[in-house]
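Residue strings, one per chain:
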Amino acid sequence: VEVQAAGSDVWSLAKVKQQLMPGSQVKTQAGSSCTVGFTDGTKLRLGPNATFKLEEASGSKVAVFIGLGRLELWVKKLAGRSFQARNPVSVASVRGTSLVLDVISPTNVTIDVFQGSVDVTDNFGRTTPIAEGQRLEANATTGASAPAPIPASVVAPVEPVISMPVVVAPAPAAAP
């Protein structure tokens, strides 16, 4: 697992308890994964051969970008804070949700919602709600499909139990 600090061109090996600042990027190699923990209990796991960027982390908004690969999310619902998971063909607005976002290629994405709900806006500006137990596929040519049941063969990921995350994002600032 490698990390590129915001504003840097240098990739270095990730360290336990390393803080990510907005603009930081993480990439995993084959056979590796990374768990990012937020102080509010939100967690994300980046699978093998994946790229991730922490775009924003504030008291009112967290925004991440998954360029390629699998991202598993367990987002805690907080009043007054939004959580967005962008990818090359859509933006998922997440609210107290467990989901998997799989960027298969720069033009094809699958989103499975295992708990809670998500609103997905495709590159054409169309927003589609996805309920618990549903899958949405989106691509650069046609946009988002209608939600369908998650296939029975797909199993929900198990939320990692971590006392100290591998990589820690800064805590959102307290509201005045």
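Our structure is the block above this text.
This is a predicted model, so every value here is computed, not measured.

Further remarks concern the pairing of strand S9 (residues 82-87). Looking along a regular strand, one sees side chains alternate from face to face of the sheet. With burial as the criterion, only one face of S9 is covered, namely that bearing Phe-83, Ala-85 and Asn-87; the residues Ser-82, Gln-84 and Arg-86 on the opposite face remain uncovered. Of the pairings in the sheet, the one linking strand S8 (residues 61-74) to S9 comprises 5 bridges and is parallel in character. Pairing of Lys-61 across the sheet is with Ser-82, part of S9. Where S9 lies against strand S10 (residues 90-105), 5 bridges are found, and the strand directions are antiparallel. Across the sheet, Asn-87 pairs through a bridge with Ser-90, a residue of S10. Remark: 2 residues form the turn of the hairpin made by S9 and S10, two consecutive strands paired antiparallel.

So, on to the pattern of salt bridges. Under the criterion given, the structure shown has 7 salt bridges. Among the ionic pairs, Glu-2 bridges to Lys-27, the shortest N-O distance being 3.9 Å. Of the two residues, Glu-2 sits in strand S1 (residues 2-4) while Lys-27 sits in strand S4 (residues 25-27), which places them 25 residues apart along the sequence. The class of Glu-2 is partly exposed, set by a relative accessible area of 21%.

Looking at the element boundaries, Ser-105 is found in strand S10. Considered as a pair, Ser-105 and Gly-69 are 36 residues apart in the sequence and their alpha carbons are 8.0 Å apart.

Below, the discussion takes up the environment of Leu-71. Considering the arrangement of structural elements, one finds Leu-71 in strand S8. Separated by 28 residues in the primary sequence, Leu-71 and Leu-99 have C-alpha atoms spaced 8.4 Å apart. Discounting residues that sit within four places of it in the chain, Leu-71 has contacts with Leu-44, Arg-45, Leu-46, Val-64, Ile-66, Leu-99, Val-100 and Leu-101.

Next up on the list: the packing of aromatic side chains. Throughout the structure, instances matching the rule amount to 1 aromatic pair. On the basis of an interplanar angle of 80 degrees and a centroid distance of 6.3 Å, the ring pair of Phe-38 and Phe-83 is categorised as edge-to-face. In this pair, Phe-38 is assigned in the loop between strand S5 (34-37) and strand S6 (43-46) and Phe-83 in strand S9, connecting sequence segments 45 residues apart. Take Phe-38 and Phe-83: they sit in the same class, and that class is buried.

Reading the values: the criteria
- Residues numbered from 1 in each chain as written.
- Predicted model: local features only at pLDDT ≥ 70, side-chain atom pairs only at ≥ 80, totals over all residues.
- Heavy atoms only, no water.
- Buried < 20%, exposed > 50% of the residue type's maximum accessible area, 1.4 Å probe, protein only.
- Helix = DSSP H or I, 4+ residues; strand = E, 2+ residues; numbered from the N terminus.
- Pairing = 2+ DSSP bridges.
- Salt bridge = Lys/Arg side-chain N within 4 Å of Asp/Glu carboxyl O.
- Contact = heavy atoms within 4.5 Å.
- Phe/Tyr/Trp six-rings, centres within 6.5 Å; stacked < 30°, edge-to-face > 60°.

Worth remembering: the numbers are spatial, not functional.
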